[in-house]
Amino acid sequence: MSRDGGLHPGAWWVWALGLAAAASRTTNPLLLLLLASVIVFAVVVHPSARRTVLGFFARIAAVVLALRLALAVVFTSPFPGHTVVRLPSVPVPSVFAGLRIGGPVTAESLLAALDGGMQLAVLLLAAGAASALADPRSLLRCLPAALYEVGVAVSIAVALAPQFATAARRVREARRLRGEAGRGPVVWLRAALPVLHGALERSIDLAAAMDARGFGRRGPVRPWRRHVVTAALVVALLACAAATYGLLSPGFRSSVSLPLLAAGVGLAAAGMIVGRRDAVRSRYRPPRWTPRAWLVAAGGAAAVVSVVLAGHLTPGSLTPTGYPLTWPQVPTVAVAGALGAALSALSAGTPDTVPRTLRAGTP
Amino acid sequence: MTRPDVAARRAADPGHPPVVEFRQVTMTYPDADAPVLRDVSFELGEGELILVVGPTGAGKSTLLSAINGLVPHFTGGRLDGQVIVAGRDTRTHPPRELADVVGYVGQDPAAGFVTEVVEDELAYAMEWLGLPPTVMRRRVEDVLDLLDLARLRGRRLDELSGGEQQRVAIGSVLTAGVRVLVLDEPTSALDPPAAEEVLAVLTRLVHDLGLTVVIAEHRLERVIQYADRILRLPGDGSAVLDEPSAAMAVSPLAPPVVHLARLAGWHPVPLSIREARRYAARLRATLPPNPSRPTAPSRSLGGEPLVAVRDLVARYGTTTALRHVNLRVERGEVVALMGRNGSGKTTLLTHLAGLRPPARGEVIVDGVRPHRLRPVEAVRHVTLVPAEPSDLFVADSVAGELRGLPRGRELLRSLAPEIADTAHPRDLSAGGQLLLALAIMLSYDAPLLLLDEPTRGLDYAAKERLAAILRARAEAGRAVVLATHDVELAAEVATRTVVLADGEVVADGPTAEVVTATPAFAPQVARILHPLRWLTVGEVREALEAG
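Student: Please clarify how the interface of chain A and chain B should be interpreted in this entry.
Tutor: Where the parts come together, the accessible area they lose is often given as the size of the interface. At the junction of the two partners, chain A supplies 51 residues and chain B supplies 66 residues. Looking only at chain A, the three residues that lose the most surface to chain B are Arg178, Arg213 and Tyr284 of chain A, adding up to 19% of its buried area. Viewed at the interface, chain B and chain A are joined by four salt bridges. Notably, a salt bridge pairs Glu119 of chain B with Arg285 of chain A, separated by 2.4 Å at the nearest N-O pair.

Pasting the structure below:
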């Protein structure tokens, strides 16, 4: 069954966003490790998850982490600490004052780089888990009708990524078949051309097929009205995104963010209500927001709330400085939240028992 | 199953409006010197299966896409005249406004899939038509039953076999309630059983629902017996609508059954095996049971064969694609690899070409293990023309592709003199792309040539040229291994046929014995002359001329 036992794909995205938001609040390596394990755990226990997708994101995360560490080795920190290795120092022109290349590499600076890198890695893993647990394209089906075109563009872009991988493999094989070694930047540039050609041809085919099957059919709606609705929804989304960023970044005043969030949500709701009245599209078996979906979403929320709470209860525990080197403390509240997220993911692992009867109603 | 009565009845009932009507249609693509369709007029009625026949580049795809407005709304260019479908003019109705009357299924159905699960794909067009959920639910169930897709409803589209994908693509336009179904080469990528499955579905739609089905197909032998009328595009931009046997009496493109009928002087021309067998009694009586075939190259005693595959196992992740395959190929042989889609044909070829190392066992070609060689050395022993020849192309002109290959120019000129040096490789027809790829690969002059599914999109003329090239290779002491679904080509060129099933070799022997053993893989001539073991029209012609 690929229908995910009926769990609303939005629930997984809320869950993953919760964990990502939690990770963005902390650089505590132990807590980040815990969050990463919870994410991987959720994908592993879920029977219909596409694990290769998470694997793909995990590889990117590993590269990011390695890059962050490599940078810390090359560009050394001016702060004193426990020297691990001493590299030859390279003189830097005075224009770039403050930049140091080479010199002593300290354990403290490596630890700081590791923390920062892990934070990014967890964010990537969360995105990967969301894609693995709920196909971005199925989430797209839940978008309000007025945003559908925007969503289709995104979904095709997402779908093209694996196609590029297949096309690249085929072209690499073709290089070999023509007796050319598959290495070196020139060869890669030459190989890129057929890959792009193939991808372009495929997307044109897809566009033609979608058009032939009615994509973009319009009811008797005036175009200006449609454009206004779409614009309102895009602005609302941007407002919500900016407000959320403000709320989650420490040191940003919530007196600005909260009204902005309220305005964004209000505008979005208005746009959806108007847009729904105009839509000619109907929907085949829309996913339902079940109690189980609430539970999964609540699990994600628990992770972020607990981390915020921990920041208030035990200030400093979320961002251990590493100066001096000490074993970081792990706030109990945050651990409890992460475990809650894991449990909620586990609860969604079993297929839904609700019979799949006719789901009435158009969007 | 020809039904001339359909046309007669329609002619007698002038009040019955046509479903598809072309009125003096002339279509010119942007930057083209000449129109691809010139002053084309015809009418198609309800419940007809129309087969569009013509050489590559005669405008078959253009004509099909003009029915649902993709030409010219999507492709650009200038269309004069009128195309009217179910009373709607395509000039004022773009493809999306025709989605509820015309269903279009392109050459590669997977390229047109929008969703990821069978059931959602079936519902997609209905969502855009704004049908109420209760109607959608019922139509999806109806189509699942009609096309025998019920057990696939929750499956991911990319996990389906070729035949299943084709049926889902047909189903996904049927749910919209279309009256016309347009298919561009629906069976060309399918193995014979899967093609039968798809054609059975199409005839059922014509007979049970009264749908008008328009098919373009190069492999006439598969489709022609189901056609009610034939739309013939001779290649000069015109189009002639005719009864099948009348069209086949004059068409230069014809399946083997028609060629045999012309040779034996049967009238009217039979189109199905059943009809042909009724005529063939006398021919069967005059022919000996076996044609005199040149004996296959003898197994070199003690000497090493050109190809020796021993106990080869291939795996992709956890799935095993080849299980303990053994294969020997001698110099001078043409070996056809046949078998269902997914039976391991392509995997075997990629191992012979050294693209992948064997998981177990060994592959020795021309005394070397190809996967251990550097690419530049490997091409001196073995070359492979992949299923998508365009993968090989990197330059923006034919001359650019052949740069650095001294013999390539000369070879291409002998294979396809009509291909201009300045042409863009990706603008060539399917046949042109294959011949260019073949010229590139032949210029290495390796002792082993591999071809993966070389006949997709080739018309009979191009196929004959390909057959001649392959035979010439074998006569020159080289060997050819080709994976193909095309039994007629195998009968034409292969000295030996190997059948794979589920990664195992299930039959290996002289082509005449292997292909006549099972009806699914038997060429038309063998079926008509059964129990005699004749495979091709050429063999019969030689025998008749000699005796």
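Student: Where do I start with the sheet that holds strand S11 (residues 307-316) of chain B in this structure?
Tutor: Residues and elements named next belong to chain B. The strand order across the open sheet formed by three strands is S12-S11-S14, and the pairing between neighbours is antiparallel. Looking at which strands have only one partner, the edges of the open sheet turn out to be strand S12 (319-329) and strand S14 (360-365). Between one strand and the next, the sheet's axes are offset by a mean angle of 25°, whatever the strand orientation. Note: S11 against S12, seven bridges, orientation antiparallel. In the sheet register, Ala308 faces S12, and the bridge partner there is Arg328. Taken strand by strand, helix H13 (residues 345-352) contacts S11, S12 and S14, and its axis lies near 120° from that of S11.

Student: Teacher, can you tell me more about a nonpolar patch on the surface here?
Tutor: A cluster of nonpolar side chains, contributed by Leu71, Val74, Phe75, Val95, Phe96 and Leu99 of chain A, occupies part of the molecular surface with about 550 Å² of accessible area. Within the secondary structure, Val74 of chain A is located in helix H3 (residues 51-74).

Student: For this particular structure, what's the right way to read the sheet that holds strand S5 (residues 88-89) of chain B?
Tutor: Pairing between the strands of a sheet comes from backbone hydrogen bonds, and it takes one of two forms, parallel or antiparallel. Residues and elements named next belong to chain B. Taken in spatial order, the four strands of this open sheet run S2-S1-S4-S5, and their pairing is antiparallel. Strands with a single pairing partner mark the edges of an open sheet, and in this sheet they are strand S2 (37-44) and S5. Its contacts with the sheet put helix H2 (residues 60-67) on strand S1 (20-28), S2 and strand S4 (78-85), and the angle it makes with S1 is roughly 125°.

Student: Just checking my understanding: could you explain empty space enclosed by the protein for this structure?
Tutor: Empty space among the atoms can be located by rolling a probe the size of a water molecule over them. Following the criterion strictly, the structure yields three cavities of 30 Å³ or more and no others. Estimates place the volume of the largest cavity at around 50 Å³. Taken together, Arg176 and Leu177 of chain A together with Ala353, Ala378, Val379, Val382 and Thr383 of chain B make up the lining of the largest cavity. Residues of the lining of the largest cavity, tallied by class, amount to five nonpolar, one polar and one charged.

Student: I'm lost on the domain arrangement of chain B in this one. Help?
Tutor: All names here are of chain B. Domain assignment breaks chain B into domain 1 (4-244) and domain 2 (307-546). Here the C-alpha centroids of domain 1 and domain 2 sit 32 Å apart. Tallying the contact residues gives 14 residues for domain 1 and 18 residues for domain 2. Between domain 1 and domain 2, a total of about 1400 Å² is buried, with carbon and sulfur atoms accounting for 51% of that surface. If you sort the residues of domain 1 by the area they bury against domain 2, Asp191, Arg219 and Glu221 come out on top, with a joint share of 39%. Linking Asp486 and Arg219 is a salt bridge whose minimum nitrogen-to-oxygen distance equals 3.8 Å.

Student: Looking at this model, I keep getting lost on the environment of Ala111 of chain B. Mind explaining?
Tutor: In this fold, Ala111 of chain B is placed in the loop between strand S6 (102-105) and helix H4 (118-129). The class for Ala111 of chain B is buried, based on a relative accessible area of 9%. Those residues in contact with Ala111 of chain B, other than ones at most four positions away along the chain, are Arg202, Asp205 and Leu206 of chain A.

Student: Would you mind showing me how to read the pattern of salt bridges here?
Tutor: Opposite charge on two side chains allows them to pair when their charged atoms are near. This structure, assessed with the given rule, holds 35 salt bridges over all chains. Between Glu388 of chain B and Arg456 of chain B there is a salt bridge, with the nearest N and O atoms lying 3.8 Å from each other. Of the two residues, Glu388 of chain B sits in the loop between strand S15 (382-385) and helix H15 (398-401) while Arg456 of chain B sits in the loop between strand S16 (448-452) and helix H18 (460-475), which places them 68 residues apart along the sequence. You can call Glu388 of chain B partly exposed: its relative accessible area is 32%. Residue classification places Arg456 of chain B among the partly exposed positions, given a relative accessible area of 32%. A salt bridge links Glu418 of chain B to Arg465 of chain B; the nearest nitrogen and oxygen atoms lie 3.6 Å apart. Here Arg465 of chain B lies in helix H18 and Glu418 of chain B lies in the loop between helix H16 (406-415) and helix H17 (430-442), a separation of 47 residues in the sequence. Residue Arg465 of chain B is classed as partly exposed on the basis of its relative accessible area of 32%. A single network of salt bridges, built from pairs that share partners, joins Arg285 of chain A together with Glu119, Arg137, Glu141 and Arg153 of chain B.

Student: Where do I start with the packing of aromatic side chains in this structure?
Tutor: Two measures describe an aromatic ring pair: the distance that separates the ring centres and the angle between the ring planes. Under the defined criterion, the tally for this structure stands at six aromatic pairs over all chains. Between the aromatic rings of Trp289 of chain A and Trp294 of chain A, the centroid separation amounts to 5.6 Å while the plane-to-plane angle is 75°, which identifies the pairing as edge-to-face. Exposure remark for Trp289 of chain A: the relative accessible area of 33% places this residue in the partly exposed category. Seen in terms of ring centroids, Phe22 of chain B and Phe42 of chain B are 4.5 Å apart; in terms of plane orientation they differ by 15°. Their pairing is stacked. You can see Phe22 of chain B sitting in strand S1 and its partner Phe42 of chain B sitting in strand S2, a full 20 residues away along the chain. The same class applies to Phe22 of chain B and to Phe42 of chain B, which are both buried.

Student: Help me out: how do you make sense of the nonpolar core in this one?
Tutor: For soluble globular proteins, the rule of thumb is that nonpolar side chains tend to be buried together. All names here are of chain B. Ranked by internal contacts, the top residues of the largest apolar core, which has 72 residues, are Ile170, Leu202 and Leu529. It is helix H7 (residues 192-209) that contributes the most residues to this core, eight residues altogether. If near-sequence neighbours (up to four positions away) are discounted, Leu529 is found in contact with Arg277, Ala280, Leu283, Arg284, Leu287, Trp534 and Val540. In this structure, Val307, Val334, Leu355 and Ile419 belong to the second largest nonpolar core, which totals 64 residues.

Student: Please clarify how helix H2 (residues 29-45) of chain A should be interpreted in this entry.
Tutor: Note on helix geometry: an α-helix contains 3.6 residues per turn, so any two residues three or four positions apart are oriented the same way. All names here are of chain A. The end-to-end C-alpha distance of H2, which contains 17 residues, comes to 24 Å, matching closely the 24 Å that a straight helix rising 1.5 Å per residue would cover. Here the buried face of H2 lies against helix H1 (9-24), H3, helix H4 (107-133), helix H10 (291-313) and helix H11 (332-347). Backbone nitrogen of Leu30 and a side-chain oxygen of the N-cap are separated by 3.1 Å at the start of H2; the cap is Asn28.

Student: Just to check I follow, could you spell out the packing of H2 of chain A against H4 of chain A for this structure?
Tutor: Packed helix pairs are characterised by how far apart their axes lie and by the angle those axes make with each other. Residue and element names in this part refer to chain A. Two numbers describe how H2 lies on H4: the axes approach to 10 Å, and their chain directions differ by 15°. Classed by the angle they form, the pair H2 and H4 counts as roughly parallel. Note on packing geometry: the crossing formed by H2 with H4 is left-handed. For the pair H2 and H4, the contacting residues are Pro29, Leu32, Leu33, Leu35, Ala36, Ile39, Ala42 and Val43 in the first and Asp115, Met118, Gln119, Val122, Leu125, Ala126, Ala129, Ala132 and Leu133 in the second.

Student: What exactly am I supposed to notice about the pairing of strand S8 (residues 212-216) of chain B here?
Tutor: Successive side chains on a regular strand alternate, one facing one side of the sheet and the next facing the other. Residues and elements named next belong to chain B. Burial of S8 is extensive: five of the five residues sit out of reach of the surface. Alternating positions in S8 separate into two faces, Thr212, Val214 and Ala216 on one and Val213 and Ile215 on the other, with burial throughout. Pairing geometry for strand S3 (residues 49-53) and S8, over four bridges, is parallel. Across the sheet, residue Val52 finds its bridge partner in S8, namely Ala216. In the sheet, strand S7 (residues 180-184) pairs with S8 via five bridges, with the strands oriented parallel. Across the sheet, the residue bridging to Leu181 is Val213, located in S8.

How each quantity is defined
Residues numbered from 1 in each chain as written. Chains lettered and ligands numbered in written order. Predicted model: local features only at pLDDT ≥ 70, side-chain atom pairs only at ≥ 80, totals over all residues. Heavy atoms only, no water. Contact = heavy atoms within 4.5 Å. Buried area = accessible area lost by both parts, 1.4 Å probe. Salt bridge = Lys/Arg side-chain N within 4 Å of Asp/Glu carboxyl O. Pairing = 2+ DSSP bridges. Helix = DSSP H or I, 4+ residues; strand = E, 2+ residues; numbered from the N terminus. Axes fitted to C-alpha atoms, helices over the stretch in contact; angles between N-to-C directions. Patch = residues over 30% accessible without salt bridge, like charges linked within 9 Å, V, L, I, M, F, W, Y side chains within 5 Å. Areas by Shrake-Rupley, 256 points an atom, 1.4 Å probe, with all protein chains shown as cover. 1 Å grid on protein atoms, 1.4 Å probe; cavity = no way out; pocket = protein on both sides within 12 Å on 5 of 7 lines; lining within 4 Å. Points joined across faces, edges and corners; volume = space filled by probe spheres on them. Nonpolar A, V, L, I, M, F, W, Y, C, P; charged D, E, K, R; others polar. Domains from an automatic or database assignment. Buried < 20%, exposed > 50% of the residue type's maximum accessible area, 1.4 Å probe, protein only. Phe/Tyr/Trp six-rings, centres within 6.5 Å; stacked < 30°, edge-to-face > 60°. Core = buried A, V, L, I, M, F, W, Y, C linked by side-chain atoms within 4.5 Å. Expected span 1.5 Å × (residues − 1). Polar contact = N/O pair within 3.5 Å; in protein donor to acceptor, adjacent residues only side chain to side chain. Parallel < 35°, antiparallel > 145°, perpendicular 65-115°, else oblique. Left-handed = near helix turned anticlockwise from the far one by under 90°.

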